[in-house]
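What follows is the residue order along each chain.
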Amino acid sequence: MNKGIFSFLLMLFSLFSAQQKSVQIAFLSDVHFQDLYGGFSDHDFKGIINPKTGKSTILRTMDSQLHSTRIFNENYFAFLKALDDVAKKGIKIVAMPGDFSDDGQAYNIRGLREILEQYHNKYSIDFYITTGNHDPVGPFRQDSGKDDFLEPDGNSLGIYSKENIGKVKNKIITKDIAESGYLEILDELKDFGFYPKKENLFWSTPFNFQSVKNYSYEKAFQNADYSRRMYEVAKGFSVPDLSYVVEPVKDVWIIAIDGNTYIPKNLNGNPNNPANYKGASLGYNNVLSHKKHLIDWVKKITKEAKLNGKTVIAFTHYPMIDFNDGATSEIKNLLGEKKWQLERVPDEEVAKAFADAGLQIHFAGHMHINDTGIRTFGDKMLVNIQVPSLAAYLPAYKVLTIKSPDQMEVRTEVYRMFRVLMNYSRCMKKNMKLYKKIKTRSSGIKIFYSRNRIMILCCFI
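Cut-off values and rules
- Residues numbered from 1 in each chain as written.
- Predicted model: local features only at pLDDT ≥ 70, side-chain atom pairs only at ≥ 80, totals over all residues.
- Heavy atoms only, no water.
- Helix = DSSP H or I, 4+ residues; strand = E, 2+ residues; numbered from the N terminus.
- Buried < 20%, exposed > 50% of the residue type's maximum accessible area, 1.4 Å probe, protein only.
- Contact = heavy atoms within 4.5 Å.
- Areas by Shrake-Rupley, 256 points an atom, 1.4 Å probe, with all protein chains shown as cover.
- Pairing = 2+ DSSP bridges.
- Axes fitted to C-alpha atoms, helices over the stretch in contact; angles between N-to-C directions.
- Core = buried A, V, L, I, M, F, W, Y, C linked by side-chain atoms within 4.5 Å.

Chemist: Just to check I follow, could you spell out the overall build of the protein chain for this structure?
Modeler: A tally of helices and strands in the protein chain yields nine helices and 22 strands. Every one of the 461 residues in the protein chain was classed for burial, and the buried ones make up 56%. The contacts of the protein chain with a sequence gap of at least 6 include a subset with a gap of at least 24, amounting to 69%. Carbon and sulfur atoms form 49% of the exposed surface of the protein chain, whose accessible area is close to 20,100 Å².

In structure tokens form, the structure reads like this:
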């Protein structure tokens, strides 16, 4: 087996406190979950029958996957395999950096909640979620649908939340395909970090930050209410921010940053009109201009953490550091400014702002790639770890092990999968078995902290 090893030594002042034992956190990003075996609350459509299993299955067409940055069907099984692997490893904390659903549809969010509850009840895994640009697509619920679900005869079926939208004549109407807003997502997934639990040692939001000394679960629970988590993204336009910080185990603080910034299209328009907001896919560049309270909040957290001996780990949907390994300017010159998703590359000011705020370790998704970026600013450093997607090739997730105050390890768990095609008609009348797991491969990044330096050892196996 060929092994390449890349190592480098960098300097910083450590903010990490002593840990009694190793703590492991798995990061599963960009699942883009679609509930293949779900259903609609107001319609009896269950999909097509899988002739092998006899199960009704709500599938998207292969054509839809070929024209997307992600898959919609097979990732269901990749997600379950990843959760099984997490459970097998005995990991009890899972962080999900956004895009946990296809587009925040109610039936997908319900299905996700049911799966997370199953793994929590069976394996005592605690899940902590933050939002992505697909969940929610906008700050408030809006009608929508898809043109590309699969019918038994192989044709496309449109599923929409109301009449007069979509392109496909053969369609069904259900409210459960609408794109949920923050309120609906918070109500459905409140048990996965968005609200505090009694067993959490600490929990707070950017709007009602409590000190460790004054922490109260009852007060934190009140502050988790939707109405108390609003900010003005522009004058007269109040939108939610579901960011929170939690202490799931002693002396480890996890910051779940809601990096979505929904900027109004028309400042003279209706603030309650969900269609009057731009998407959030640009990430942290918009945070710098329209959501600066997050930077001040992170600064408060890191200061409080230092005073109380807490290890701080942050995760968001969006990268804080250029993920093109320094090649962004060359790509821009070759392809143009808006090609190759270059508009999603964060400005250098993003890394500096959060490094100055005291943040050192950050996990991100969004780009569906595996990457590690590092920036130093004087005696401060920020490490941005890109978590691959479970809805892209190769599906993978990250595992962070906090071994001691001076030593951490990040490993990438990669699943190699092969599609096993079964006999099916020219019109795709029969379903196909989507995945078979062949083997698992691990690669990793080892992060060693000492009092005044950090060494990151990247191993690619």
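Chemist: I'm lost on the sheet that holds strand β17 (residues 371-377) in this one. Help?
Modeler: Pairing between the strands of a sheet is mediated by backbone hydrogen bonds and can be parallel or antiparallel. Overall, mixed pairing links the seven strands, which are arranged β10-β13-β14-β15-β16-β18-β17 in an open sheet. Sheet topology places β10 (202-204) and β17 at the edges, where each strand pairs with a single neighbour. Adjacent strand axes in the sheet meet at a mean angle of 20°, parallel and antiparallel pairs treated alike. One ladder, built from three bridges, connects β10 with strand β13 (residues 244-249); its direction is antiparallel. Residue W203 lies in a different strand from β13, and its bridge partner there is V246.

Chemist: What is the right way to look at unusual backbone geometry in this model?
Modeler: Most of the time, phi is negative for any residue but glycine, and the peptide bond is trans. Geometrically, the link from D135 to P136 is a cis peptide bond, its omega value of 5° lying close to zero. Topologically, P136 is positioned in the loop between β6 (126-130) and β7 (145-150). L394 follows Y393 through a cis peptide bond whose omega is -10°. Among the secondary structure elements, L394 is positioned in the loop between β18 (380-386) and β19 (396-404). Phi at S124 takes a positive value of approximately 60°, unusual for a residue other than glycine. Of note, S124 is situated in the loop between α3 (106-123) and β6. The exposure class of S124 is partly exposed, given its relative accessible area of 45%.

Chemist: In this structure, what is going on with the nonpolar core? I would like to understand it.
Modeler: For soluble globular proteins, the rule of thumb is that nonpolar side chains tend to be buried together. L28, F79, M96, I257, F354 and F363 are the most contacted members of the largest nonpolar core, which has 104 residues in total. Beyond its immediate stretch of four places on either side in the chain, L28 contacts F79, A82, L83, V86, V94, A95, M96, P97, L390 and Y397. F40, I58, Y107 and F149 belong to the second-largest nonpolar core, a separate cluster that totals nine residues.

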